[in-house]
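# Notes for the structure review
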There are 2 protein chains.
Amino acid sequence: MKLSSQAQAFVLHFGEMGSRWGFNRTVGQMFALLTIHNEPLNADQLAEALKISRGNVSMGLKELQAWRLIELHHQPGDRKDYFTAAGSIWDLARTVFEERRKRELDPTLTLLRQLLLSDPRDQQEAQAQEKIQEVYSLLEMLDQFANTLSRLDEKDLLKLMKLGSGLSKLLELKSRAGITAKKEPKSRKK
Amino acid sequence: MKLSSQAQAFVLHFGEMGSRWGFNRTVGQMFALLTIHNEPLNADQLAEALKISRGNVSMGLKELQAWRLIELHHQPGDRKDYFTAAGSIWDLARTVFEERRKRELDPTLTLLRQLLLSDPRDQQEAQAQEKIQEVYSLLEMLDQFANTLSRLDEKDLLKLMKLGSGLSKLLELKSRAGITAKKEPKSRKK
DNA sequence: TAGAATTTTCAGAAATTTCTGAAACTTAAG
DNA sequence: CTTAAGTTTCAGAAATTTCTGAAAATTCTA
């Protein structure tokens, strides 16, 4: 396994960025490598290509599986486990997005929900709780929105992201849309 | 400065989540505290409330300023620097969003752009570059979209996030919208 | 069932990040 | 000026995270 300088740079960069994206350097590198490499790779190949220990590869693969970013394959007549990136670039991006939502939002929502249960003992606490409520409402909405985006199919997602400044125009339209939509009985069922 | 157990929990949690959101524990705590506390706080108060060193507070404040999340105030007749969260919860969320986009996307886009310049030497490299192109296109679009969202005013943003499953319906409408919009000359100027 | 091939685990080493606190620096007041 | 109040800096200590590699566990083959 020799990496072209292109691949090398790509892999190293993803290693560096890894921490910002939620995993550590070697996990980032492994993911990057599995992403640009078309053929499945086994643990030894990864260890060799990235010059890291076999044990580290094993842990990294476990983590990438927890992220649902890679999948296991087998080559006929070979007992080794081979891995590839799980799906297209789009699939991967979507998965990262969903996983990050889970990890970055859910625990906070749970805590805030809890904090909002008990009622404030004094003025001071009342004000704090108000703020907590604001933070909660916002994060809750964000979470819902992220959810909505996750559910869009690729076509719609693409359409949405390509809208650019057309988005606000579309939103303006929105209030009228309900009416407009009703006015257009286009297709009945389905 | 004594924190209610509510505030305590809020602050500690933001400390723990900090790393996932892009800053370290104490910076997360400082930010949380400035967010729920309505009055401006000075460095000594922060250090005392969070039981961390004065030096650490100074560094943390610098970082929060780099994130544009806090602002400096002065109390008449007091030479100390006082800080508050910069704006409403919405403002803060928006700022975090923008800063994260900068830190998580921009460096990668820059690198990938660069990698795409040189042309592949062999089959292997060609395939890798294809993948890199795919990743680039996706991240570029994501970046644009994040940009678009950042520019929306609060009203529109709220509308959009509240759409839920209405979003895909609105998108369906989109193709027709261009026409519809032109057909409605509603208001001329302003 | 033995043993060979492969993967996983995990204690401690190495690397990295965060934090402290004393000293240096800055600014305003007297 | 000189001094006092306040802030920043930064070397090294402490804490945390990551990584290694040998041993244990698992799985397949014969």
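Rules used in this analysis
Residues numbered from 1 in each chain as written. Chains lettered and ligands numbered in written order. Predicted model: local features only at pLDDT ≥ 70, side-chain atom pairs only at ≥ 80, totals over all residues. Heavy atoms only, no water. Helix = DSSP H or I, 4+ residues; strand = E, 2+ residues; numbered from the N terminus. Buried < 20%, exposed > 50% of the residue type's maximum accessible area, 1.4 Å probe, protein only. Arc of directions from axis to C-beta. Salt bridge = Lys/Arg side-chain N within 4 Å of Asp/Glu carboxyl O. Pairing = 2+ DSSP bridges. Domains from an automatic or database assignment. Contact = heavy atoms within 4.5 Å. Axes fitted to C-alpha atoms, helices over the stretch in contact; angles between N-to-C directions. Buried area = accessible area lost by both parts, 1.4 Å probe. Polar contact = N/O pair within 3.5 Å; in protein donor to acceptor, adjacent residues only side chain to side chain. Least-squares fit on C-alpha atoms with pLDDT ≥ 70 in both. Near = heavy atom within 4 Å. Nonpolar A, V, L, I, M, F, W, Y, C, P; charged D, E, K, R; others polar.

### As for the environment of Gln 123 of chain B
Residue and element names in this part refer to chain B. You can see Gln 123 is positioned in helix H7 (residues 123–151). According to the relative accessible area criterion, Gln 123 is exposed, its value standing at 57%. When the C-alpha atoms of Gln 123 and Lys 169 are compared, they prove to be 43 Å apart, with 46 residues separating the residues in sequence.

### Digging into helix H8 (residues 154–162) of chain B
All names here are of chain B. Taken together, the buried positions of H8 are Asp 156, Leu 157, Leu 160 and Met 161. One side of H8 carries all its buried residues, which in axial view fall inside an arc of 130°. Residues of H8 that are exposed and angled more than 90 degrees away from the buried face: Lys 155 and Lys 162. Of the residues flanking the end of H8, it is Gly 164, one or two places downstream, whose phi is positive at about 60°.

### A few points about the pattern of salt bridges
Residues and elements named next belong to chain A. Summed over the entire model, instances satisfying the criterion amount to 22 salt bridges over all chains. One salt bridge in this structure joins Glu 99 and Lys 102, with 3.2 Å as the shortest N-O distance. In this pair, Glu 99 and Lys 102 both sit in helix H5 (residues 89–104), three residues apart, roughly one turn of the helix. For Glu 99, a relative accessible area of 4% gives the class buried.

### Section: the pairing of strand S2 (residues 70–74) of chain B
All names here are of chain B. Of the strand pairs in this sheet, S2 and strand S3 (residues 81–85) are connected by five bridges, and their pairing is antiparallel. Looking across to S3, one finds that His 73 is bridged to Tyr 82. The loop that links S2 with its antiparallel partner S3 comprises six residues; one of these, Gly 77, has a positive phi angle of about 75°.

### Points about the domain arrangement of chain A
Domain assignment breaks chain A into domain 1 (5–87) and domain 2 (105–161). Centre-to-centre, using C-alpha coordinates, domain 1 of chain A lies 34 Å away from domain 2 of chain A.

### Overview of the sheet that holds strand S1 (residues 41–42) of chain B
Residue and element names in this part refer to chain B. One open sheet accounts for three strands, arranged S1-S3-S2; its pairing is antiparallel. Looking at strand neighbours, the two that pair on one side only are S1 and S2, the edges of this open sheet. Each of S1, S2 and S3 is contacted by helix H2 (residues 25–36), which is oriented at about 80° to S3, the strand it contacts most.

### A closer look at the interface of chain A and chain B
With 61 residues of chain A at the contact, the number on the chain B side is 61 residues. A combined buried area of about 6,200 Å² lies between chain A and chain B, and 73% of that area is made up of carbon and sulfur atoms. Looking only at chain A, the three residues that lose the most surface to chain B are Gln 6, Met 161 and Leu 171 of chain A, adding up to 11% of its buried area. Joining chain A to chain B, the criterion identifies two salt bridges. Salt-bridge contacts for Arg 100 of chain A lead to Glu 104 of chain B; the nearest nitrogen and oxygen are separated by 3.1 Å. In this assembly, chain A and chain B are joined by 14 residue pairs in polar contact (both at pLDDT 80 or more). The set of elements that each furnish at least two residues to the side of chain A that touches chain B consists of helix H1 (5–21), helix H2 (25–36), H5, helix H6 (106–117), helix H7 (123–151), helix H8 (154–162) and helix H9 (166–183) of chain A.

### Brief notes about the relation of the copies chain A and chain B
Mapping chain A onto chain B is achieved by rotating through 180° and translating by 0.0 Å along the same axis, at an RMSD of 0.0 Å. Expressed as an axis order, the relation between the two copies is that of a two-fold axis. Comparing interface residues between copies, 100% of those in chain A also sit at the interface in chain B, which points to an isologous, same-surface contact.

### Topic: the protein's contact with DNA strand D
Taken together, 17 residues lie near DNA strand D, and Thr 26, Ser 53 and Arg 79 of chain A together with Arg 54 and Asp 81 of chain B sit nearest. A share of 68% is what sugar and phosphate atoms reach among the atoms of DNA strand D within 4 Å of the protein. At a separation of 2.5 Å, a phosphate oxygen of DNA strand D approaches a polar side-chain atom of Thr 26 of chain A. Residue assignment for the surface near DNA strand D shows that the elements contributing at least two residues are helix H4 (54–66) of chain A together with helix H4 (54–66) of chain B. The greatest single-element share of the surface near DNA strand D, amounting to five residues, is contributed by H4 of chain B. Residue classes in the surface near DNA strand D are distributed as three nonpolar, seven polar and seven charged.

### Side note on unusual backbone geometry
Note: most peptide bonds trans; most residues except glycine with negative phi. Residues and elements named next belong to chain A. Its identity is not glycine, yet Lys 51 carries a phi of approximately 55°, on the positive side. Here Lys 51 lies in the loop between helix H3 (43–50) and H4. Overall, Lys 51 belongs to the exposed group, its relative accessible area being 73%. Unusually for a residue other than glycine, Arg 68 sits at a positive phi of about 60°. Note on Arg 68: relative accessible area 39%, which makes it partly exposed.

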